[in-house]
Every structure is written in C-alpha cells, then in structure tokens.
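Commentary on secondary and tertiary structure
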Amino acid sequence: EGLQYASKKGMPVFVMEPLRGGTLANKLPPAAKTVFEHADSSRTLAEWALRWLWNQPEVTMLLSGMNTTEQLAENVRLADSVTAGSLTDQDKLVYEKALQAIRKTIKIPCTGCGYCMPCPKGVDISVCFSAYNDVYTVGFGTALKGYFQNTGVTAAKTSLASQCSKCGKCETHCPQNIKIRERLDDVKKKLEPFWFRGLKFGIRRYMKLK
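What counts and what doesn't
- Residues numbered from 1 in each chain as written.
- Predicted model: local features only at pLDDT ≥ 70, side-chain atom pairs only at ≥ 80, totals over all residues.
- Heavy atoms only, no water.
- pLDDT = per-residue confidence, 0-100.
- Helix = DSSP H or I, 4+ residues; strand = E, 2+ residues; numbered from the N terminus.
- Buried < 20%, exposed > 50% of the residue type's maximum accessible area, 1.4 Å probe, protein only.
- Axes fitted to C-alpha atoms, helices over the stretch in contact; angles between N-to-C directions.
- Parallel < 35°, antiparallel > 145°, perpendicular 65-115°, else oblique.
- Left-handed = near helix turned anticlockwise from the far one by under 90°.
- Contact = heavy atoms within 4.5 Å.
- Nonpolar A, V, L, I, M, F, W, Y, C, P; charged D, E, K, R; others polar.
- Polar contact = N/O pair within 3.5 Å; in protein donor to acceptor, adjacent residues only side chain to side chain.
- Expected span 1.5 Å × (residues − 1).
- Salt bridge = Lys/Arg side-chain N within 4 Å of Asp/Glu carboxyl O.

This next bit is on the confidence of the model for the chain. The pLDDT averaged across the chain works out to 92; a share of 100% of its residues lies at or above 70. Here helix H2 (residues 23-26) stands out as the least confident element of the chain, with mean pLDDT 85; helix H9 (residues 180-191) is the most confident, with 97.

Structure below.
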C-alpha cells in the first residue's frame, strides 16, 4: 500500500534491502528453496527476489548490496531486461507457495541491516534474532551452537539477549518496526534456558574468561 501510495503522489521509490540483508538469497528455508528450484533451476534465489520487485511498476530503483562481480553482472542484467508486469500467473503462484513456506519458519522479520546498533549494553541484536529464526529453520541444536559462537560466550565480551536493559533506543531506528525488546525476551527464553547460565559459567571459567 505504501509503495502504491507514494507512486500516486508522483514520488520515485527506491527500495532498500531488496534481498532482506541477503536473507532471501542465502538463508531461505529448505522448503522455500525447493519451490523455486522446481519452478526454474536456472534462476538464482536472488534473481527470483529481484524479478518480483522489478515487476512492480511503482519501483524506481533497487539499492542492492553486491560483493562480487558476478552479483554485479546479475543485477545489471535483471535491471536491464526485466520489465514491470512481466511475471506470469505461473510465476506468481511460485512466489505464493514459497511465501507460505517462509512464513512458517521466519518468526522475527529482521533483515540484519544493523540500524538498531550499537546497543548500549552490547547486545548483538541481529545475531540474536538470526539464531532465534534458525531454531525454526535448521533446528535447536544448530541454532544454539551458532548462538554460543556468535554472541561471544567463548570470547572476552558477550553480546547475549539477556544483556538487554530495555532502554528502547534500538526500536527508534528499526526500519521493520520490530518490537525489539519483546523479541529479545523471546530469544532469551528460547536460547538461554535455565541451564544456560551454568553452562556459560563453566565454559568461561575453563577458558579463564571473566
């Protein structure tokens, strides 16, 4: 609705994070990947995502981050060749099936943009949310392992969800309007169960960390 409203007012629309911080290209749930691969294995996941955006007549420009010359070439090719209204009814059905698969697993719509950072208490918000989502995509064990590694349980400084003081500074900068404080509580409950503190203490003591 916002996209269409802006266009009606004559405003050009630049889409930021068209791949949701890389999530749509690198971290789709297996079920969603399968939907796209069965539909057309020659298209990358990034291409599927960008094609959907370029199909919208109201979109003026995509601000897409690129790390390789291959990604640059792909983005240029799609921007040059894909026109508004080019998606077929069959294509749209593919997106709908993939979206249903994604919605079953993505519990927190964080793109990892980092605009909520830095946290005054040192919480790595996007890492916490990514680990929480991983519980539902790759399983609790793998998610917990990643949470341990990426929040610094074995490092000098930690960035755990439980460090949140609920100051709310992060929420004033979140483009997704996520209720970050509430969701960090969810992360804490899921990934820092009653035995977590003792395990963390034991590991850090063994490694001679404060």
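For the bond from Met117 to Pro118, the omega torsion is 0 degrees, close enough to zero to count as cis. Among the structural elements, Pro118 can be located in the loop between helix H6 (89-103) and helix H7 (125-137). Positive phi values are uncommon outside glycine, yet Glu17 reaches one of about 55 degrees. By the secondary structure assignment, Glu17 is in the loop between strand S1 (14-16) and H2. For Glu17, a relative accessible area of 25% corresponds to the partly exposed category. A positive phi angle is found at Lys208, which is not glycine, with a value near 60 degrees. As for its placement among the helices and strands, Lys208 is situated in the segment after helix H10 (196-206).

For the pair H7 and helix H8 (residues 140-150), the least separation of the axes is 7 Å and the interaxial angle reads 165 degrees. As far as their axial angle goes, H8 and H7 are roughly antiparallel. As for the relative orientation of H7 and H8, their crossing is right-handed in sense. Two secondary-structure elements touch here, H7 through Val127, Cys128, Ala131, Asp134 and Val135 and H8 through Phe140, Ala143, Tyr147 and Asn150. The residue inventory of the contact of H7 with H8, partitioned by class, reads seven nonpolar, one polar and one charged.

Attention now goes to H8. Since there are 3.6 residues in each turn of an α-helix, residues three or four apart along the chain are aligned in direction. Regarding H8, the residues found buried are Ala143, Leu144, Gly146, Tyr147 and Phe148. Lining the buried residues of H8 we find H7, H9 and H10. The positive-phi residue at the C-terminal boundary of H8 is Gly152, with phi of around 80 degrees.

Moving on, we get to the side chain of Arg183. Summarising the element assignment, Arg183 is placed in helix H9. A distance of 3.3 Å separates a polar atom in the side chain of Arg183 from the backbone oxygen of Lys107. If we skip the residues at most four places from it in the chain, Arg183 touches Lys107, Ile108, Phe129, Tyr132 and Ile178.

We now examine H7. Helix length check: H7 (13 residues) gives 19 Å between terminal C-alpha atoms against 18 Å at 1.5 Å per residue, within 8%. Considered for burial, the residues of H7 that qualify are Ile125, Cys128, Phe129, Ala131, Tyr132, Asn133, Asp134 and Val135. Residues of H7 that are buried make contact with H8 and H9. Looking at the residues trailing H7, positive phi occurs at Gly139, about 105 degrees.

On to the pattern of salt bridges, then. As enumerated under the stated definition, the model contains seven salt bridges in all. A salt bridge links Arg43 to Asp91, with the shortest nitrogen-to-oxygen separation between them at 3.9 Å. A residue pair is termed long-range when its members are at least 10 positions apart, and Arg43 in the loop between helix H3 (30-39) and helix H4 (45-54) and Asp91 in helix H6 qualify at 48 residues. With a relative accessible area of 18%, Arg43 lands in the buried category. Arg51 serves as the salt-bridge partner of Glu47, at 2.8 Å between the closest nitrogen and oxygen. Separated by four residues within a single helix, Glu47 and Arg51 lie in helix H4, roughly one turn from each other. A cluster of three or more residues bridged by salt bridges with shared partners is formed by Asp40, Arg43 and Asp91.

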